[in-house]
Every structure is written in C-alpha cells, then in structure tokens.
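Read off the chains here:
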There are 4 protein chains.
Amino acid sequence: MPALQWGGRFTRVPDGELLAFGSSLEEDLVLAPFDVACSFAHVETLLGGGIITSAEATALSAALRLVDDEIASGTFAVYARERCAEDVHGAIDARVRELAGAAGQSLHAGRSRNDQVATTLLLYVRDRALRGELRSRDIAATLVARAREELDAGTLLAGCTHRQPAQPVLLAFVLAAWSEPFLRSMHRFAAVAQTASAACPLGSGALAGSTLPLDRERGARVLGFTGPSRNALDAIGSRDAALDLAHGSVRVLIDASRIAEELIAWSTPAYGYVCLDDGAATGSSLMPQKRNPDPLELVRAHAAKLLGGYTGAMATLCGLAPSYQRDLQETKAQVIAIVEDALATLDAFARTLQGIAFVPERMEQGALEGYTIATDVADALIAAGTSARAAHAMVGAAVARAERERRALDEGDLASLADQAGTGEIRAPLDARASVLAKRTRGSTAPDDVREQIVSLESELASAPEAPA
Amino acid sequence: MPALQWGGRFTRVPDGELLAFGSSLEEDLVLAPFDVACSFAHVETLLGGGIITSAEATALSAALRLVDDEIASGTFAVYARERCAEDVHGAIDARVRELAGAAGQSLHAGRSRNDQVATTLLLYVRDRALRGELRSRDIAATLVARAREELDAGTLLAGCTHRQPAQPVLLAFVLAAWSEPFLRSMHRFAAVAQTASAACPLGSGALAGSTLPLDRERGARVLGFTGPSRNALDAIGSRDAALDLAHGSVRVLIDASRIAEELIAWSTPAYGYVCLDDGAATGSSLMPQKRNPDPLELVRAHAAKLLGGYTGAMATLCGLAPSYQRDLQETKAQVIAIVEDALATLDAFARTLQGIAFVPERMEQGALEGYTIATDVADALIAAGTSARAAHAMVGAAVARAERERRALDEGDLASLADQAGTGEIRAPLDARASVLAKRTRGSTAPDDVREQIVSLESELASAPEAPA
Amino acid sequence: MPALQWGGRFTRVPDGELLAFGSSLEEDLVLAPFDVACSFAHVETLLGGGIITSAEATALSAALRLVDDEIASGTFAVYARERCAEDVHGAIDARVRELAGAAGQSLHAGRSRNDQVATTLLLYVRDRALRGELRSRDIAATLVARAREELDAGTLLAGCTHRQPAQPVLLAFVLAAWSEPFLRSMHRFAAVAQTASAACPLGSGALAGSTLPLDRERGARVLGFTGPSRNALDAIGSRDAALDLAHGSVRVLIDASRIAEELIAWSTPAYGYVCLDDGAATGSSLMPQKRNPDPLELVRAHAAKLLGGYTGAMATLCGLAPSYQRDLQETKAQVIAIVEDALATLDAFARTLQGIAFVPERMEQGALEGYTIATDVADALIAAGTSARAAHAMVGAAVARAERERRALDEGDLASLADQAGTGEIRAPLDARASVLAKRTRGSTAPDDVREQIVSLESELASAPEAPA
Amino acid sequence: MPALQWGGRFTRVPDGELLAFGSSLEEDLVLAPFDVACSFAHVETLLGGGIITSAEATALSAALRLVDDEIASGTFAVYARERCAEDVHGAIDARVRELAGAAGQSLHAGRSRNDQVATTLLLYVRDRALRGELRSRDIAATLVARAREELDAGTLLAGCTHRQPAQPVLLAFVLAAWSEPFLRSMHRFAAVAQTASAACPLGSGALAGSTLPLDRERGARVLGFTGPSRNALDAIGSRDAALDLAHGSVRVLIDASRIAEELIAWSTPAYGYVCLDDGAATGSSLMPQKRNPDPLELVRAHAAKLLGGYTGAMATLCGLAPSYQRDLQETKAQVIAIVEDALATLDAFARTLQGIAFVPERMEQGALEGYTIATDVADALIAAGTSARAAHAMVGAAVARAERERRALDEGDLASLADQAGTGEIRAPLDARASVLAKRTRGSTAPDDVREQIVSLESELASAPEAPA
C-alpha cells in the first residue's frame, strides 16, 4: 500500500492498479534534488512566518540534508520505488517525516502539492535551461573552431540549394553558417532560464493563497527568484516556463537534425565529403563491410520524436480549464522526457561532430560541377551594364549549350556573352576559388568576410556563461 | 564493453557513450518473447534449407526455450542490462550463443537484424492488436450492460449539443452511443491483427534476400503468417502495421478521452450526475475535503500525449529515404511506448467506468431545463401542416417569451402556437419522458429503439473473439 | 446580413465579425454536390414518411437539380459568397427556398444540420476515398511498369541501408519495392470507402431522432449506404470515417515523401542516377544554371504539413465531450483541407515520376562501391560450413584490409578466406550482377524473383477498381 | 503561361499542372506590402553600391509606389492571379518591369528570391508580432478591467482544481489570473518582434553573397534592422523568427482555449455563471430554443488546429538539409496561415469576452458547496499548534461526517476538532467571504491582495506599446 498525502475523507482504500497507473514516480524522480531545494525554502517560509520554531526548522533542514545525500547516493530512488510513492514529492515528504521526528509532520504546513510542484519544476527548468545553453554554446564553439581551421586550409565545395550545386563556397563559410542556429539556441535557452527565475510560486497554496502568514519573499529569495509570483491561481496552473524549455529543446534538435541530414549525405560514397570516426559509426549484423552513420540518424530521429513530444505536451493543455488539473502531471512528465532526451541527443551530436574528418579533395572535386560560377558570370554582365534579367537569360542559354557539349564554361563563353551583350570584354571567375574571392558583400563566402564572421562568432561565444563547476 | 553483433571491419572500439545513446534495450525488452518466437522460426527456416543440421536445430531450439524461461522469470532482463546490449535482439542472440555451444554461432546465418526486427515487430503488433480488440470489446460490453440497466430504470437527462441542453434523452441511449466508438475500435484492432499476420519478412536478409536457400515458407507457416513477404526491400523498411496499431491505439484513447471529459463534468457538484467510487478518486495534500476524478483526467491527458507520440512516430518516417535507416529504431520504440501506454490507459478507464454510480435524480432534475422539448413542439406544428421554417421561428419566439417570464413551455403556449399557425389544436410532449416516448425514427432515444440498439450491440459484441487463456 | 437558419429566440442581431469568423463556407464549398445528394435523399425520407406531398417532393427535387447545375457552373459559389452564408449547407437550403416556392420551407423538416453534415461528409469521404484508391493504384502501376522495363534492361545499383551501400540490387527490385506501399494505400482507401458506405446518419436529427416518421431506410438506400445508422447521438458526433480518410491521405503522402527524398538525392550530381524532366524541374531567379527538383521537395513538404494537419484534426477531438460541439466544424474543415491537398500532391508526384529518366551507367558505376558483395562472400563461407558469426568477422577483416589497400575484394581474398576458415575452395560472386543472380530466396533481388514479384503486383493491381467515367 | 523569373537553361516549357501545384501565390499574397518595402530597400542597396543610377532608382521607386497603391486597392491581387504567378515576389517583380521601363530589368540585380523572401518574411513577422502583442495586451486589459469591477462588487465563487470545488475565491482574483498568460504572451510577441528586427538578410544572394558591391548596411537601415545578417547561407535558410512567431501564436491560443473551456462550462444551465451576449451565441437549425457558445468552441478548436499547424511547420524543417530547400516555401505558407488565423481568433475571443455577463448569484450559491473552507479549518488547527499532517486527517474525517449528515461544517465541528486536537478554542472562517478575507499571503485571493495585483497588472500593461495609428 503506497504512502499517500491524503485520505481522511475517504472510506475505501484506493484501487492499487489505478494508483499505479496514476503514479508519476518514474517520470519525476529526476526532480528529487529540486524538490529538496524547494522544501528547504519552504522551511524558511514557515520559519519566517513564525509557523514553526527554530528547533523544528533545524530538524527539518537536517532531515532534508540527509535526503539530499540519499538522492545523490541512489538509495532514495530505491526507497521511493519500494514505497510505491505517487510521485517524488510525496516520497520526499514521507522520508522527511521518518527522519525528522515530530517536526516532520509540519513540513507540508501551508503548502500544497500544487505550489510545490510548480516551484520545483521551475528550479528544474532553470537548471536544464542552463545546461541547454552550455551545450548549444559548445556545439557552436566546435563548429566555429573547425571553421577557423578550414578557413586556413581554404577548403572549397559546391554550396547547394535544393541540394543542387549553386555556387562555390568555403567549407569554413558552411561551418560558420551551421554554428548560427546554435548561437540562437544558446540565447533562447538563456531567456528560458531567466523566465524560470522570475516569479516564485511557493506559498501560493492549492490555488488561493493561505491563511497562514507564510514569508513568501524569504522563500523566493532563498531559491534565487526575483520575487514571489503575483497571482496564486495563475502560478499553480501555468506550465509556461516548462513549455518554453521543451520548445527550445525541440528547436535545437531540429537544427541539429538538419546538419545531421547533410552529414549523412556527405558520408555516402557518392559524396565522400566526410569520414565518420569508427567510434561514431555502427556495423551490421549481416553485412560485414558496413559502417553506418547511426548516431547522426538517431539525432534526426530524436528530433522527430521530440517534435511529437512537444505536440503532445501542448495538446494536454489545449482546451483544458485553467487552474490545476491532473493532466498537468502528464505535461510535466512529457516536458521532463523531452528535455532529458534532448540533452542526451545534443551530447551524442557533439561527440559525433568531433569525430568527423573532412575529405577536402572530394569536396573540391565537385566544387565546379553543376556550373556553379554561372551567377558570377551573369553578375559580370550586370556590372558591365547589362540588365539583370537579360544577363540571367543569356548565361542560362550558355550553360545549356556547354552542358550539351559536356564541358565547363570557359573564356570562349565569356567572350561570346560579352559580344552578345555588347558590353566589351568582361572578366568573371571561371574556377571555384576565384569565384569565392570575387564576392564583395558582407556576410559572403569571401575569405575575408568569413574571417570577420568567425571573429564575431567567437566574440559572441565568449560572452556566454561558463559551465558550472 | 557491450556485446556487439559486428565489428570485423572496425579498427577502434565504439564510443561507449554513443553506444549507450543508441541502445534501445529499455524500449524493446518487451519484444523479447516475440524475438524468441522469431528465432524459433528462423531455426526452421535454416533447417528447411539444409543450412544447419538437425542436431544444430535441436541445440538452438533448446537454448531458445531456456531463454524463454529466463524471459518469463525476469532473469533475462537482468542479463541483458548487465551486458549493455544494443537491443533485445542482440541480447537474445548473445545468450543463445552462450547456451547452445557451437550451434549458437549459426543462429544468425542468413538473417539480418533488419528482417529479424521487422518480423518480431509484426508478432508484437499482432499480439497487442488482439489485446486492443479485447479491451475495446470489454469497455463496449460494460457500457452496453449499463445501458440495459438504465433502460430498465428509465433514467432521463437533458441530451446536449454544444454542452447546452438540446433534447431529453434516456441515459441508456447515451451509454449505447458511448459504446459505438469502442465497437469501431474493436474492428479497427482486428483489421490491424489481420494485416500483421499476412506477409512474413523473415528471410528477407538485410534488404536483398539471401544466397542461402532459406525455407521462407516454413518460417512463415511456423509463425502463423499467410506467407512470406513479396519484396525483401519493402519488407525490411516498412513499419506500416506498427503504425496502424499505434494509430488505432491513439484513436481509441481519443474516444475514451471524450467520455472522460463528460464524466469529469458530470462529477462536479454543478452537475452531480455521477459519483466516482472512492477507489477511483484521489485526494489533495492540502485540502482535506477533496475527491478528484484523477483517473479520468489522466485518461484525457494520456490521449493527448499519445497523439503527440503518433505524430512523432510518423515524423520519423516523413521524408526518410526508403529501406532501413536507423531512424526506424525510434519509430519502433515510439510505437511500443504508445501501445503499452494505451493498453494501460484503457485498463484504467475500464476500472473507473465500473466504479461510477449514476445519480438519476440529479439527471432528471435538469432534463427539462433549457426548453429541451422545443423541437418536439415545432415538429408538432410541422406534422399539423406548418412549414419547418415557420414552425422553428414561432417556437423560438415562444421560448424567448417563456424565458422572460421564467417559466417552462406549457399548454397555453401550445394553444397560442396552434392559433398563430392556424393549424387547429396540436399535441406535443411537455415533459421529458413524453418527449422521449414520442420519437419515431430508428436509432432514436425512444425506449423501444434503444432496446433494439442494445440487442444489436450485444449481438455484435458476441461475435468478437474471446480472450486468450 | 447573412442568411441564418435560426434566430427566433434571439433579441439581437449576431455580431457580423463573429459570424464571419465562424463561417466555414470557404472550407466546405467543396461539399456542395454532396449536400445536394443528401438533400435529394432527405426529400425521399420525408416523402416516405408522408411528411411532405408528392407535389412538394417534386418541387424540391426540381430546385435541387437547379442548384446542382449552379454548382457545376460555378454560379452557386458566387451566390453563397454574396450571401455570406454560414456554411455551404445553409447556402443550399437558402437557394432551395428561393427556387422551390412554398415547398422550400419544408426541406429542413425533421433534419438538423447535425445529421445533414454527418451524412454529407460521409458522401464526400466515400468519393475521395475512391479517388485516393485510384491514384494510389496509378502510382503503383507506373512503378510496376517501370520495374518491368528495368528488369528487361537489367539495370543494377548499390542497394542501401542507412544510405550506405549494402548489396547490389536490380533497379527493378527497388521500383517494385517502391510500389508496395501504394498497394497497401490502395487497400487502405478502399477500406475507408467501405466504412463510409455502411451507416447513414440521415434522420438522426440533432442528436435524439425525430418525432416525425422519417423513412430512414429509404434515405439510406437512395444514397447507397448499407442502412441507417444505429444510434443517433453517436451518428451525429462521430467523425471516424473522415479521420480514417485523412489518416490514409497522410500515410500515402509519407510513403511518397520517402521516395521523393531518394529521388532528390539521386538527381544530385553526386549520384547522377536520375534526370528530372525539364517540365518537372524549376530554375532560380538568380542562378542561371539551376535545375531544381521542386515538385519532389514539395511532395516531401506537403507530407510534413499534412502530418501536422492530421494532428490538428485529432487534437480538436481530444478531450471534447461526445455529441456535436462546434469544434467539429473545424475537424471537418481540416479533413477537407488535408484530403484535397493530398490528392493534388499525389497528382504532382505521379506527373513527376512519369518524367524521370534513369541513368543506368551512373547507377552501375557505383554498384560495387562500398564492398557490397561482402555478405555474399560471408554466405559462401557459411554454406561451406563456417559459422555465421566467424564468417562475418573474417570477411569484415578482409574488407578492412582491401580498403586500406584501396582495392576491391578479389579471388585472392576468397582463397585466403577459404584457407583461413579451412573450408576448401569457395565460390562467391565478385561482381554486382553475379551477386544478384546468386540470390536464392523468394522475394529477393534475383531477376527471376523480381519477375515473379512483378507478375504478382500486376495481378493485384488488375483486381482494383476502374476509374469512374 | 505564367511569368517566370528563370528559364534560360530550359528546353521545355514547365508542366502547367506542376507549376500550379507549386504556386504559393494564394498563401503569400499577404506578404505583398512587405515585399514592396523590401524592394524599396533593395533599390537603395543597389544605388548605394553604384550598381544602378539615380535615374534608375527613381524609376524603380516610382514603380514600386504604384504597385503599393495597387496592392492597397486590390487590383494587384487580380493582376497576380491572372498571371498565374509562382508567388507574390515574382508577381511584384513582373509588375515593376511593366511599370518601370528599362530600369525594371535591374530590380533583381544581385538579389535572389532567397534573400528577398527571407527579408520580406522578417518584415511580415515584425508587423504581426506587434499586432499579436497589442491583441494580447487588449485581452489582458479587458480582463483586468473586469477584475477591478468585480473586486468592487465582491463577487465570490468556488475556486476549483480538478474542476472540483477547492476554496472560495473572488471572481476578481480569477479574472486577474486569467490575464496573466496574456501578459506573458505580450512579452513573448515583443521578443519576437525584436528578433525579427535584428539581422537583415537582404544582400545575401542565393546563399553565398554577391560579387556586386551591394550596400547592405543601407538596405538594413532603411528597413529598420539593427544591421545586415552575419552569414549569407544561414540568413537564407533560417526560418527561426517565423517559427517563433508561429509558436507564440499557438501558445496564446492555447491560453485562450483554456479560458474558453471554462466559459463554455460556466454558460451551461448546470453552472449558470455567465450569460453570453446574443451577439456572441448561435442558434440551431432544428432546435428553436438553442443558444450555443459557438465562438468559444471555435476558439478552442482553432487552438487545436493551429497546434497541428505548428507541428507541420516544424516537421517540414526536421531532417531537412541546411540552406534553402523548396520545402521552406511550405514552412512560410504554414506560418502565415497560423498567424493570420491566430490573430482572427484572438479578435473573436476578445469580442466574445466583452459580451459576457456574469451571474454573481449563481456563483455565490455554489461558493461553499463541496466544503471549500476545509483547508482554512485545517490551517486554524495548524496555527494553534497541531501538525499539518494531523490537521489534514482530522478535518478530512470531519468533512466525511458532515457529508454523511448532508450539512455544512459548522461551529460544532470547530469545537469538536479543537477538543480532539487539544488546542483550546479555534477560530476559522465558516463562510466563503470570511475565508477569502482570512488569506494572509501575497498573491492570494484576499481583497487587498487582489487589489495590489490589479494595480501591478495595470502598471505592466501601461508600459506596453500603443497601437499604431
């Protein structure tokens, strides 16, 4: 029979199967240290309001410290499972009552699971948002560092749109581009952490506040919030910060999935642009020769899965009356599942990125394929006075002719185009490196522009927070 | 270091963190008995093709029986976890090799994890589809049985649309209506089970078939499939039956969520139409008087969550190149998660339904509220020759008048309407029971119609399969 | 001011902005012919019940025929928009009243928009399910026909898993595999059409049936249903068949998206396996040389979009109390949007498929790349008595060696493996064609097996329905 | 034959059906004014780079002003549809070329549809984010104003959790709680507007920048961005700000759906807490007495629909290679559809809220039902020295007893509890108003606390932006 935090009004023991169905223990055990922190703060809240004595506060705090140790050592999880606790919050309360003697009966004074869960969840959100921020930064930093290496190496490839060769670009430029969403992600996580640190629900009671003189300011301060929340009913029924975190987690995975998709393509023999480290590839149980990019495929799949997870979390709230409904337990469980999975997936992605070796010769081999300098030729005509529209049409026809003749664009084409356009001689890059060097706009793939981008990225990354000890 | 089924080509030990990230053991342990069945069949496939000897087949079968026992007793799960197996399939293979001596090295001959997983998953789908069918039937049967009771009791209430009172109906009629989606669900699950029993992928190899003369017909027969699958590449890359099962699971939960929503409303003091059993309600940690309909709220929330799960499972496949990609591992894991959760939720829903007590006096008290017999009055005018349009307008005005005067429609209204319409005296039901009795169309809420519906439902339920022993 | 079908009880004109917000006319205009069919049937229902006279029935039917003509010519849409109708159902009712004189006032007798919409929607579902079935069949037939061509041509390529080369396969085998999900889709749509033809809601009234003696059997018969629905409340509140259709539409698009993804990859210069027809490619506004596979990208994107659409449609129902709620209007609109979009996308996909030219020389060039015959070599060792496990490890090592030496597996490797395994001489295919020919299991990529698959596919396709005139 | 911005390389006219399928004109016509703004800026970009002459710039600007007028008057939409334009961007370009003479051929110099669309979309996002911010603020302000009225009126009701009565609260407190998510939404939209104003993609070209010396700073400044974007490839392939806007739009609708759900319940006779204005209710075509809360149901349904829409928009990006792919066209279309629908739904919600009349007598009638003051009684015991745990159990039992005796808690219960707890006399509120007055924590439902909340809310609202003229 599980330990319940209620029951006086009930005449029958609850159905064990239904209690097991309703238990969220497995999903919310990860909240244990945050519930302990919240409980420490509640002790301060009670003490500040004169509701418990100093001696009681001391006893409760000592018990909470013991629980914290048990959480760290893993014995608490065993305890909670053996008790078939409804959730981690009830399990901690039960354990405190065992450890704190008579004082233990007062830990829950003036507190509802509603404000307790809301507060605990915010502490979790804040912690995980910081982790998300750091992992986003680390991935961005890895990409920027490799961009700097490849800028020095001058590696070229065909930049694509629609997966078709478009224009020659530097690999460094591509890597810098890939880092950008992770910087945005970094800022998105930082904003979530800030949101989760604003208003502390503790002391909101079940929905209406309390008749006990709880010192809410003290509780909020102890937990590092800006202050107590403004309205109790809103505070206990909102999951906004948790949703924000889940959303940020899904978005960064979608960003990662896009790069994973590219790298999966690049690791095929058709491209041969990258080699995965043996440590980041997987074999086949039947085919002895296989080396599969499994971690990258899994990154892509986890993004899709968590997209569904976020949809489910929002669907639990859609059309749900305000205030606390039990459905919010599932919202909580889903947010936790999304966030833990996303952080693990980011780790796997980071590890895989680190083990990737580029194959510059294969990249450069394809950099001109697909007439990637055609736009530069058209631009040369424009610079020489032809209208954009006319230049586009003439160069398109020149490409079609060269393709029929199975050859690249060459000086002859330039001369003939100049002739056709009546511009006098034109000069345009006819190889990939010249094309890249010819770019003249900020943010372009020209080496100097890319260097500037890298400097700017490094400076933005440097201003991000350090990992906690 | 985990047991892998590959590695000859690799020069470095795989990254342990990435292997752990890629492991699906926790998600697919539930497949263990189905993998054993699949492996038994593969032994037959090998034997039928003369690839292994009878002695080897005997040794392999004996080992598989031991594994089956270990699965049943729970020791296999411990074993698999200790070995950090990549998935349940590899763990069973490893255990068989330990148990079967030299023969164990041949179990995987001519088999790829691709055809193995596809076959195992179909066996799982078939089993769970049958369970889904049975649980849908049981819920429908419970509702139909209660409909019969309430038909005898004659309980009336205000049938609603837009949650506003619409027309008086029998509670039996409502309960019969609630059973219908579960009958549809029963048939949907049955169709999934049939699909999952058609084409057996075993013997498809990794994607292209095998140069070994595997006896695919024998394997398919042993497993109860109609025959071997037609095309190896399709067989190993399709998750259609699994998606069908997941979809059926979500749909039935959405049906359940709709009834849960109604019962949650009905259990509020505002309605007071139902009392939840103490066993199916939950209290509050703060508010001593509370009795909350948690299991019903959780049914609703699980429906929302699994809707997201199905979205995620489909999203993993969207835009994924055909053939096997590792993403399918996540599809598999998600389908399993959805199905197990849905079956547990259906159980909880069934238990909660059983414990519900109706409060006929509260229902009947509200049956006339909201002028629910207005349509019958309009129909009486129509039957007497007034056009539908005119009748609707006249009765609408009569209701507005009665509402201003804070009274029900009465004989005076009938007289005045008849007068206004020039129809001569009209007769129309002015109380809820008379309204119900006056219905004259098949499928209506009239007691005789409802009795006929119940007979028909009972007969359809009787033709459904029995629960397996 | 719009034409409304209600209002007697109301004292104030409805807010025009809110009416406009609530109008579903743009979304449900496509239902117009089906509503007319439903209205024809309702006239029969009324006539069969003696509620209207033959003369009235004649007048109503004549008016409905006129409306049908106006729908076909497009003038009805103009009419409905000018009237700011709430929905297509109200607009048709209004137009009939204009056209049918006094009889027009009686069309809606005993009918609610609830049973009207439910019936109309089923007629639409049936029609579109048949279209979906036909388009699925046509796509499958195109793929099977091309498979037959390529079987005769004997085109080979590297079959992939994880997008990495796995084993040599026939292009015909791949095309046959691609056709399979469209055959499943064909059957799925056929099942939806059957479901949508079973139980006719007409005559269910708003939720409770009617006191008018409607001849529901006659209505159902006229519309080609098996019979009237069993329970009025269920009939008006269920959207199951519509959801089934939407689901089938999404599933077939996901199947198409998978092939689109492959073809997009194959159309890059890195692969060069296919050329898109100029008619199915798109250029760039800036880059004169571009030829982009836009229709295939759009197929992929529409699949993703409609996946979201189906999620939304299910979300509107999740936790919604049974019976009719206005939310069902959005479910209806979403189903229509999904289905119309899916059918258009299937059309675009079919057109694009038809314009694809394969480039066999590029395919065959890569067929051996990636040591794709390694599995055959291992199988040869197994056939010669080596255990599967040992064979896998030895061949894996041989591949690693050959890769270091930048060469293919050759006779020397076979000799050395045989030696190592102590099997005596082994024979294994060392080129792609030999590998394909060596397959010995039903459903494999061996030419004879593929021929058999094609015959079976053709026979299954031949049993599917013909397109309606 | 449509006007295309490309074609020189093509030998065949594109397939008209496929072009129609690929056209996004209907979806992106709403972008027309923003594309004109973007084009104005591009003229500055060209002029600043010396690529066009002042005369050309003047001609182009004049043409763009004409187009702007045509957009405002509606003639442009007719023009674009008649030309079967691929999208609004191409249509505007075509129209400018007609209007600007020779200069028109140069508008697209150095510009790709990729940077054009990315920039235009950001301008749209900024505009709509501001509208979202304003509408959120207006809804919050309405709720706060009504909270102030109801605070003065002192209206009480039973605050609920799990939809079961929990504790008495002020209606003003509930309304203040309802306003909170709209304030959060207001800030969320403001952050989106800021994000969308940071980095201007214009001048990024197709993906790599341009060889023409475009004055990107000038373009960015003209459009009110902080500056040009950092990396061209990222700039043209990111839809982050658009997704942020779509996400914010869905989130605020989910918030609205929760209140809609509550109001739908409150408008039933079972509650009778609110009357909808006739202008915001809808009747039935069959049942003359009906008054349905359709706009609120539609708010709920639109939230569910747009949740699906956002899922679809994210799914188009999931696993999509970086850079521009045509799938982004659908992302764009979906974001627009979500945002336009969400803004319209917020309008409808705001209108409906304004027309709601509360029925205080019905609310107060139920404020004590369900033993809502039980927590206060327990708190009184705690304040008198009983432990929280013991107090909860004793009061739970007292409630069970009172319930059996079908009476409220009374002074006798207090005495008996005090006796049982050995506390000496205790005082606790036994009616709803006393309960509310007894609350002593900030953020509670006590009148003074609620007044403070309202002041704080009003001050936060006052700092939000004004509506543009």
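Note that the structure is predicted; figures quoted are calculated from it, not measured. (Residues numbered from 1 in each chain as written. Chains lettered and ligands numbered in written order. Predicted model: local features only at pLDDT ≥ 70, side-chain atom pairs only at ≥ 80, totals over all residues. Heavy atoms only, no water.)

Novice: Please explain the pattern of salt bridges as it appears in this structure.
Specialist: Close approach of charged atoms allows side chains of opposite charge to pair. Scanning the model with the defined rule gives 156 salt bridges over all chains in all. One salt bridge in this structure joins B:Arg230 and C:Glu460, with 2.9 Å as the shortest N-O distance. With B:Arg230 in the loop between strand E4 (227-228) and helix H10 (232-237) and C:Glu460 in helix H19 (residues 447-462), this residue pair bridges two chains. Here C:Arg97 ties to C:Asp93 by a salt bridge, and the two come within 3.1 Å at their closest N and O atoms. (Salt bridge = Lys/Arg side-chain N within 4 Å of Asp/Glu carboxyl O. Helix = DSSP H or I, 4+ residues; strand = E, 2+ residues; numbered from the N terminus.)

Novice: Is there a simple way to think about the nonpolar core in this case?
Specialist: Grouped burial of nonpolar side chains is what soluble globular proteins tend to show. Among the nonpolar cores identified, the biggest contains 633 residues, and A:Trp266, B:Phe76, B:Trp266, C:Phe76, C:Trp266, D:Phe76 and D:Trp266 are the most heavily contacted of them. With near-sequence residues (within four places) excluded, B:Phe76 lies in contact with B:Leu29, B:Ala32, B:Val67, B:Glu70, B:Ile71, B:Val88, B:Ala91, B:Ile92 and B:Arg95. (Core = buried A, V, L, I, M, F, W, Y, C linked by side-chain atoms within 4.5 Å. Buried < 20%, exposed > 50% of the residue type's maximum accessible area, 1.4 Å probe, protein only. Contact = heavy atoms within 4.5 Å.)

Novice: Looking at this structure, I do not really get the relation of the copies chain A and chain C. What am I missing?
Specialist: Each of the two copies of the chain can be brought onto the other by a rotation about an axis and a shift along it. Aligned on chain C, chain A shows an RMSD of 0.0 Å; the corresponding rotation is 180 degrees and the shift along the axis is 0.0 Å. Look at the turn and shift together and you get a two-fold axis relating the two. Of the C-alpha atoms belonging to chain A, the one lying closest to the rotation axis is found on A:Ala270, 2.6 Å away. A high fraction, 100%, of the interface residues of chain A reappear at the interface in chain C, so the copies pair face to face through one surface. (Least-squares fit on C-alpha atoms with pLDDT ≥ 70 in both.)

Novice: Looking at this structure, I do not really get the side chain of A:Arg146. What am I missing?
Specialist: Residue and element names in this part refer to chain A. Assignment of secondary structure puts Arg-146 in helix H7 (residues 113-153). As a buried residue without a salt bridge, Arg-146 has its nearest oppositely charged side chain in Glu-149, at a separation of 4.3 Å. There is a polar contact of 3.3 Å between the side chain of Arg-146 and the backbone oxygen of Leu-353. Excluding residues that lie within four positions of it along the chain, Arg-146 makes contacts with Leu-175, Leu-353, Gln-354, Ile-356, Ala-357 and Phe-358. (Lys, Arg positive; Asp, Glu negative; His and termini not counted. Polar contact = N/O pair within 3.5 Å; in protein donor to acceptor, adjacent residues only side chain to side chain.)

Novice: What should I look at first to understand the packing of helix H5 (residues 75-82) of chain C against helix H6 (residues 88-100) of chain C in this one?
Specialist: The description of two helices packed together rests on the angle between their axes and the distance between the axes. All names here are of chain C. H6 packs onto H5 with a crossing angle of 100 degrees between their chain directions and a minimal axis gap of 10 Å. By the angle between their axes, H5 is roughly perpendicular relative to H6. Contacts between H5 and H6 pair Phe-76, Tyr-79 and Ala-80 from the former with Val-88, Ala-91, Ile-92, Ala-94, Arg-95 and Glu-98 from the latter. In the contact of H5 with H6, the residues fall into seven nonpolar, no polar and two charged. (Axes fitted to C-alpha atoms, helices over the stretch in contact; angles between N-to-C directions. Parallel < 35°, antiparallel > 145°, perpendicular 65-115°, else oblique. Nonpolar A, V, L, I, M, F, W, Y, C, P; charged D, E, K, R; others polar.)

Novice: Where do I start with the interface of chain A and chain D in this structure?
Specialist: Buried accessible area, meaning the area lost when the parts come together, often serves as the stated size of an interface. Chain A puts 110 residues into the contact, and the matching count from chain D is 110 residues. Of the roughly 8900 Å² buried between chain A and chain D, counting both surfaces, carbon and sulfur atoms make up 53%. It is A:Arg230, A:Arg258 and A:Arg389 that lose the most area in chain A upon contact with chain D, and together they represent 11% of the buried surface on that side. In this structure, the connection of chain A to chain D is made through 18 salt bridges. With 13 residues, helix H11 (residues 240-266) of chain A is the single largest residue contributor to the side of chain A that touches chain D. (Buried area = accessible area lost by both parts, 1.4 Å probe.)

Novice: Please clarify how unusual backbone geometry should be interpreted in this entry.
Specialist: With the exception of glycine, the majority of residues adopt a negative phi angle, and the majority of peptide bonds are in the trans configuration. All names here are of chain C. Unusually for a residue other than glycine, Cys-84 sits at a positive phi of about 50 degrees. Relative to the elements of secondary structure, Cys-84 occurs in the loop between H5 and H6. Look at Arg-163: it is not a glycine, yet its phi comes out positive at around 65 degrees. Here Arg-163 shows up in the loop between strand E1 (156-161) and strand E2 (164-170). You can call Arg-163 buried: its relative accessible area is 10%.

Novice: Explain the interface of chain A and chain C here, please?
Specialist: In this complex, chain A contributes 39 residues to the contact, which on the side of chain C involves 39 residues. When the buried surface of chain A facing chain C is broken down by residue, A:His162, A:Pro288 and A:Gln289 rank first, second and third, together holding 20% of it. Here chain A and chain C share two salt bridges between them. Between A:Arg291 and C:Glu403 there is a salt bridge; the shortest N-O distance is 3.6 Å. Where chain A meets chain C, there are 17 residue pairs in polar contact (both at pLDDT 80 or more).

Novice: So what exactly am I meant to see when it comes to the relation of the copies chain A and chain D here?
Specialist: By a simple turn and slide, chain A fits onto chain D: the slide is 0.0 Å along the axis, the RMSD is 0.0 Å, and the turn is 180 degrees. Take the interface residues of chain A: 100% of them recur as interface residues in chain D, which is what a same-surface contact looks like.

Novice: Which parts of the structure should I look at to understand the pairing of strand E2 (residues 164-170) of chain D?
Specialist: The side chains of a regular strand alternate, first on one face of the sheet and then on the other. All names here are of chain D. Burial analysis of E2 places seven of its seven residues in the buried class, which makes it a mostly covered element. The pairing of strand E1 (residues 156-161) with E2 spans six bridges and is classified as antiparallel. Residue Gly-159 lies in a different strand from E2, and its bridge partner there is Gln-167. (Pairing = 2+ DSSP bridges.)

Novice: Looking at this model, I keep getting lost on the packing of aromatic side chains. Mind explaining?
Specialist: Given two aromatic rings, one states the distance between the centres and the angle between the planes to describe the pair. Following the criterion strictly, the structure yields 26 aromatic pairs over all chains and no others. For the ring pair A:Tyr271 and C:Tyr271, a centre distance of 6.3 Å and an interplane angle of 80 degrees mean the geometry is edge-to-face. Remark: C:Tyr271 occurs in the loop between helix H11 (240-266) and strand E5 (274-275) and A:Tyr271 occurs in the loop between H11 and strand E5 (274-276); the pair is interchain, linking two chains. A single burial state applies to A:Tyr271 and to C:Tyr271, both of which are buried. Judged by centre distance (5.8 Å) and plane angle (80 degrees), the ring pair of B:Phe34 and B:Tyr124 falls under edge-to-face. A residue pair is termed long-range when its members are at least 10 positions apart, and B:Phe34 in helix H3 (residues 32-48) and B:Tyr124 in helix H7 (residues 113-153) qualify at 90 residues. In this pair, the class of B:Phe34 matches that of B:Tyr124, namely buried. One aromatic cluster in this structure is built from A:Trp178, A:Trp266, A:Tyr271, A:Tyr273, C:Trp178, C:Trp266, C:Tyr271 and C:Tyr273. D:Arg95 extends its terminal NZ or CZ atom over the ring of D:Tyr79, reaching a point 5.2 Å from the ring centre. (Phe/Tyr/Trp six-rings, centres within 6.5 Å; stacked < 30°, edge-to-face > 60°. Lys NZ or Arg CZ within 6 Å of the ring centre and 35° of its normal.)

These results come straight from atomic positions and should not be treated as a statement about function.
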